[in-house]
Amino acid sequence: MNKEKLVETVSRLMAIPKGILAIDESTSTCNTRFEKLGIISSEENRRVYRELLVTTPGIEQYISGYILYDETIRQKTKEGKSFTSVLQEKGIDVGIKVDMGTKDFSPHLGDKITEGLVGLAERLQEYKEMGATFAKWRAIYTISKETPSEACVQANADIFAEYAQICQNEGIVPIVEPEILIDGDHTIEQCFDVTSRNLDVVFKTLKAKNIFIPGMILKTSMVISGNESLKLSPANDVAKMTIKCLLKYVPKEIGGIVFLSGGQEDDEATRNLNATNAHSPLPWPLTFSYGRAIQNKALMSWAKNPFDISTAQKLILVAAKANSLARMGEYKTT
Ligand code: 13P
């Protein structure tokens, strides 16, 4: 394992004042988002939309890495230039989502397990040839009376460890993404308990499998109340509880921690990130790896005016800049 190379990639990704942009929605997730806005689901429309994201002028000031999906990493601009070379020329690292989605965890109703380990090393070798330097694997957990079960938490942690080991052997930085879903009426305290229990198991398992912790990134959900909860979590509470949980369960030597936006309102995700970074100094770099919170407004604008690429790109830049400021604790709500 080339530890030096892994650490170098991590430091580029976590460089101040930047964060990561996730544009790795699977074809079906992307189509669902398109359909909601009346956009026809076609490979060409997905390509045009992703081209807009990849070619946003100036985005490299705020974004260190883009996470792509299998379809996207193979796509080109209308002039025939690969998306990967567009990004590389801007000094942006290319990432790739490598899990193959989730399926029911049969021992326990309501839990999900993530698939995609079969043939992973070969897929990574191909992605590496295409320019990828980091990868992402996501597991999801629902908070309810019965879920997530201990068995499911452990099973996903075992899979994370295998995935991370395969990535690191290939010189690819693994992003490990355990997402506690925001769906439901749970309290912030319940979210704290489930996130703590999960991160505890994930890191014990990664360490037991000798994963090189400085050469990986944790992508986590924030500790926050559910979206059907009667009590919304103020940013200070989200920040306090999230940081408390991360300080207790994430090793100090980890390369970095990034947040997903997970269905929070765009500005809420930015304010919450800002509040967490107001807690500095922290033992690890902490930034964003948002999908929806950066893309939402641009996608809506493009849906309304598909020929006005420039307005959509400006909206991407504004959202990326706001989160870059939040990453430094310097974001001010207008
Ligand atoms: P969201 O920020 O939209 O949650 O997407 C981030 C991501 O990569 C989810 O896997």
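Residues numbered from 1 in each chain as written. Predicted model: local features only at pLDDT ≥ 70, side-chain atom pairs only at ≥ 80, totals over all residues. Heavy atoms only, no water.

Before we go on, may I ask you to explain the overall build of the chain in this structure?
Secondary structure assignment for the chain yields 12 helices and 10 strands. Computed over the C-alpha atoms, the radius of gyration of the chain is 19 Å, within 12% of the 20 Å expected from 2.2 N^0.38 for a compact globule of 334 residues. Its C-alpha atoms give the chain principal-axis dimensions of about 50 × 45 × 40 Å. Per-residue burial over the chain gives 57% buried out of 334 residues. Long-range pairs, those at least 24 residues apart, make up 79% of the contacts in the chain between residues at least 6 apart in sequence. Summed over all atoms, the accessible surface of the chain reaches about 14,300 Å², with 53% contributed by carbon and sulfur. Positive and negative side-chain charges of the chain, numbering 40 and 42 respectively, have mean locations separated by a distance of 4 Å. (Helix = DSSP H or I, 4+ residues; strand = E, 2+ residues; numbered from the N terminus. Rg over C-alpha atoms; globule rule 2.2 N^0.38 Å. Buried < 20%, exposed > 50% of the residue type's maximum accessible area, 1.4 Å probe, protein only. Contact = heavy atoms within 4.5 Å. Areas by Shrake-Rupley, 256 points an atom, 1.4 Å probe, with all protein chains shown as cover. Lys, Arg positive; Asp, Glu negative; His and termini not counted. Charge placed at Lys NZ, Arg CZ, Asp CG, Glu CD.)

Please clarify how the site of the ligand should be interpreted in this entry.
The environment of the ligand is formed by 13 residues, the closest being Lys136, Lys219, Ser261, Gly262 and Arg292. Gly262 is positioned with one of its backbone polar atoms (N or O) 2.7 Å from an oxygen atom of the ligand. Looking at the shell around the ligand, its residues break down into 3 nonpolar, 4 polar and 6 charged. (Near = heavy atom within 4 Å. Polar contact = N/O pair within 3.5 Å; in protein donor to acceptor, adjacent residues only side chain to side chain. Nonpolar A, V, L, I, M, F, W, Y, C, P; charged D, E, K, R; others polar.)

Is there a simple way to think about the sheet that holds strand E2 (residues 63–68) in this case?
Pairing between the strands of a sheet comes from backbone hydrogen bonds, and it takes one of two forms, parallel or antiparallel. With parallel pairing, 8 strands are arranged side by side around a closed barrel as E1-E2-E3-E6-E7-E8-E9-E10. If you compare each strand with its neighbour and ignore which way they point, the axes differ by 25° on average. Here strand E6 (residues 132–141) runs beside strand E7 (residues 173–180); their pairing, made up of 8 bridges, is parallel. Bridge pairing links Ala139 to Pro178 in E7. Contacts from helix H7 (residues 150–169) reach E6 and E7 within the one sheet, and its direction differs from that of E6 by about 175°. (Pairing = 2+ DSSP bridges. Axes fitted to C-alpha atoms, helices over the stretch in contact; angles between N-to-C directions.)

For this particular structure, what's the right way to read the pairing of E6?
Two faces belong to every sheet, and in a regular strand the side chains alternate between them. Of all 10 residues making up E6, 9 are buried, and the element is well covered by its neighbours. Direction of pairing for strand E3 (residues 93–97) relative to E6: parallel, over a ladder of 4 bridges. Its bridge partner lying in E6, Gly95 is registered against Phe134. Handedness of the β-α-β unit built from E6, H7 and E7 comes out right-handed. (Right-handed = clockwise from strand over helix to strand, strands pointing away.)

Looking at this model, I keep getting lost on the nonpolar core. Mind explaining?
Soluble globular proteins tend to pack their nonpolar side chains together in the buried interior. Counting 92 residues, the largest nonpolar core has Tyr66, Phe203 and Leu206 as the members making the most contacts within it. The biggest single contributor to this core is H7, with 10 residues. Beyond its immediate stretch of four places on either side in the chain, Phe203 contacts Ile213, Met216, Leu218, Tyr249, Val250, Pro251 and Ile254. (Core = buried A, V, L, I, M, F, W, Y, C linked by side-chain atoms within 4.5 Å.)

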